[in-house]
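Listed below are the residues making up each chain.
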Amino acid sequence: MFEVPVNDLPPCIRNVGNDHAAVHCESGECAAIRHARRLPCHRRKLKRRHHLFLQGDPQCHVYYVAMGAIRLYALLENGRRQIVDFKLPGDFILFDHEPKYRFNAQAISATEVRSFPLASFRAAAGDDAAFMLKLYAAVSAELARTRNLMLISGPRNAEGRLAALLLDLADRAPPLEAVTGFVALPMLRSDIADLVGLSHETVSRVFSQFKKTGLIDLRGRSGLKLIDRPALAALADCTVGGWRPETVARAPHLLAH
């Protein structure tokens, strides 16, 4: 069956949440929020590079990533792309006070989301204090993550930025992956570069350097394993001006790298 790319559809069709029948969703926080007010939940599947919504589309739904990955990005006035976040399984794409989405949401790989009507979310929050607290916790977590991303691309050198990002992704990994130290990287190196403010070549060079020095082990194009997490944490503490004294104390062998 022929399918039109989502980004070629008008907003009234593109930004919808019920491409598929309603599902009985029991996945983590998604289930907890759905059961809090018996909110309608629908499944939506996206192919690679298809958009969930575009910058400027009216906000109609709250989305939960069940499988795959979503890149949130904005197009700047100079035509360049700025990635602001990656949404991975278990993450919500929540609403803000603006009537329209401020970013584009595009599937990095084959992705499945759950959608909740925004109006239902707002009504539930107004009627149920317990649900309001759950929603507040989710929004607070989103804000904390946004601040972390700002710090990642802050006054760090290239190695520090990528080390901080890898640690952040590892902290968000599913329990089994967290235990093994595996970090899924469905995004392209250019995606990572646009997020942390580096060039594609620099990202590739630093990853190769991390592997050569035994900090990580690359697992194909879609993942890696953290081998020396303390050393990566020390690198994440390194600023543009050089090493902090406490960093050298924690991992003196890094000076040899």
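Residues numbered from 1 in each chain as written. Predicted model: local features only at pLDDT ≥ 70, side-chain atom pairs only at ≥ 80, totals over all residues. Heavy atoms only, no water.

(A) Representation of the sheet that holds strand 4 (residues 70-75) in the model. Taken in spatial order, the 4 strands line up as 2-7-4-5 in an open sheet, and their pairing is antiparallel. Of all the strands in the sheet, the pair left with one neighbour each is strand 2 (51-53) and strand 5 (81-87). Taken pair by pair, the neighbouring strands of this sheet meet at an average axis angle of 30 degrees, ignoring direction. Direction of pairing for strand 4 relative to strand 7 (residues 104-107): antiparallel, over a ladder of 4 bridges. Following the sheet pairing, Ile70 is matched in strand 7 by Ala107. This element, helix 7 (residues 189-196), spans strand 4 and strand 5 of the sheet and lies at about 105 degrees to strand 5. (Pairing = 2+ DSSP bridges. Helix = DSSP H or I, 4+ residues; strand = E, 2+ residues; numbered from the N terminus. Axes fitted to C-alpha atoms, helices over the stretch in contact; angles between N-to-C directions. Contact = heavy atoms within 4.5 Å.)

(B) Representation of the packing of aromatic side chains. As enumerated under the stated definition, the model contains 4 aromatic pairs in all. The interplanar angle of 35 degrees and the centroid separation of 6.5 Å between the aromatic rings of Phe92 and Phe116 together place this pair among those described as tilted. Of the two residues, Phe92 sits in strand 6 (residues 92-93) while Phe116 sits in strand 8 (residues 111-117), which places them 24 residues apart along the sequence. Taking relative accessible area as the criterion, Phe92 reaches 9% and is therefore assigned buried. By relative accessible area, Phe116 is classed as buried at 0%. Following the ring pairs from residue to residue traces out a cluster consisting of Phe53, Tyr63 and Tyr101. (Phe/Tyr/Trp six-rings, centres within 6.5 Å; stacked < 30°, edge-to-face > 60°. Buried < 20%, exposed > 50% of the residue type's maximum accessible area, 1.4 Å probe, protein only.)

(C) Spotlight on the packing of helix 5 (residues 158-171) against helix 9 (residues 229-236). Packing of helix 5 against helix 9 brings their axes to within 7 Å, and their N-to-C directions diverge by 130 degrees. As judged from the angle between their axes, helix 5 and helix 9 are oblique. Considering only the axes of helix 5 and helix 9, their crossing is left-handed. In this structure, helix 5 contributes Glu159, Gly160, Ala163, Ala164, Leu167, Ala170 and Asp171 to the contact, and helix 9 contributes Arg229, Leu232, Ala233, Leu235 and Ala236. (Parallel < 35°, antiparallel > 145°, perpendicular 65-115°, else oblique. Left-handed = near helix turned anticlockwise from the far one by under 90°.)

(D) Inspection of the pairing of strand 7 at higher detail. A two-sided burial pattern is seen for strand 7, the buried positions comprising Asn104 and Gln106 on one face and Ala105 and Ala107 on the other. Direction of pairing for strand 2 relative to strand 7: antiparallel, over a ladder of 2 bridges. Counted as the bridge partner of Phe53 is Ala105 from strand 7.

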